[in-house]
Amino acid sequence: MNFFGNQLLALSTITLCLASIDRYYSTNPNALVRRRSSMKAAKISILIALFASLLLAIPELLYRGIDYTYGTPICTKISPVYNLYLTYFFNPVYVFLPIIVLLVFGILTYGNLKRVHRVNIVFNISNENSRQKKIIIRRKRIDRQFSTILILQILYFSLTTIPICIKIIYSTATKNFIKSDISLAIEGLFSAIAYVVSCAPFSSSFYIYYLFSSSYRQNLKKIIFKLSINMNFKC
């Protein structure tokens, strides 16, 4: 279970990072840069995300085992190497590196969007017919909405990851200290809260899309309406 949990968490984080990079490419004013955002690149990114998440989770299989010390079998760490791996590799790669990537490409994407907003859409498509104008304007509006939502996801992810960053830094800095039972209890409570908060971004995408994207709400209502009609026909 720990293996699949770590693999899925890493996959979600890597996917969000790759999506932020793709948004930077797709909103870039330079046509050559925009070409890097393509279906082929998306397929390669999916393979990279799957492979990287599996690599990050493999130590769970190697350095965890069953402990019978207290009579009841418990799945626990069986090697000090695993603690070193968590402290100096997994935590920096899983927690700190994604924040840096998301913030950097979020800022770059925001800069691209500001430059796009300065362009007069009507001037760019003045030679097109009315129907084509509406299609182009609608596509640009949806693209801006999606980019804005991605930036909100990046900000939300960064904010909810701060507590787990504090926990990791504190645990690493005080791992050789002798702590009282009260200190350990407080640290355990904060760790539990930090882990719960750090999982929030993976369940919030639906609500962010629903609140900030009118096209997403319209499509969702259409899907629900079609499903309700199909269910009524079956009944």
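Attention in this report is confined to the structure presented alongside it. (Residues numbered from 1 in each chain as written. Predicted model: local features only at pLDDT ≥ 70, side-chain atom pairs only at ≥ 80, totals over all residues. Heavy atoms only, no water.)

**Quick word on the nonpolar core**
Here's step 1: Counting residues in hydrophobic clusters, the biggest one holds 22 residues, and the most contacted among them are L56, Y85, F90, V95 and L102.
Here's step 2: Broken down by secondary-structure element, the contributors of at least two residues to this core are α1 (2-26), α3 (39-62), α4 (80-117) and α6 (130-173).
Here's step 3: Looking at this core element by element, the count peaks at eight residues for α4.
Here's step 4: Sequence-distant contacts of V95, that is, excluding residues within four places in its chain, are made with F90, T161, I164, C165 and I168. (Core = buried A, V, L, I, M, F, W, Y, C linked by side-chain atoms within 4.5 Å. Buried < 20%, exposed > 50% of the residue type's maximum accessible area, 1.4 Å probe, protein only. Helix = DSSP H or I, 4+ residues; strand = E, 2+ residues; numbered from the N terminus. Contact = heavy atoms within 4.5 Å.)

**Regarding helix α7 (residues 181-199)**
Here's step 1: If you check α7, its first and last C-alpha atoms are 27 Å apart, about what 19 residues at 1.5 Å a residue would give, namely 27 Å.
Here's step 2: Along α7, the positions that sit buried rather than exposed are E187, S191, A194 and S198. For α7, the arc enclosing every buried residue in end-on projection is 70 degrees, short of the 170-degree limit, so these residues lie on one face. When the buried face of α7 is taken as reference, the exposed residues oriented beyond 90 degrees from it are D181, I182, I186, L189 and V196. (Expected span 1.5 Å × (residues − 1). Arc of directions from axis to C-beta.)

**What about the packing of α7 against helix α8 (residues 201-212)?**
For any two helices packed against each other, the geometry comes down to the angle between their axes and how far apart the axes lie.
Here's step 1: Relative to each other, α7 and α8 sit at 40 degrees, their axes nearing to 6 Å. Judged by the angle between their axes, α7 and α8 are oblique. Seen from α7, the contacting residues are V197, S198 and C199; seen from α8, they are P201, F202 and S203. (Axes fitted to C-alpha atoms, helices over the stretch in contact; angles between N-to-C directions. Parallel < 35°, antiparallel > 145°, perpendicular 65-115°, else oblique.)

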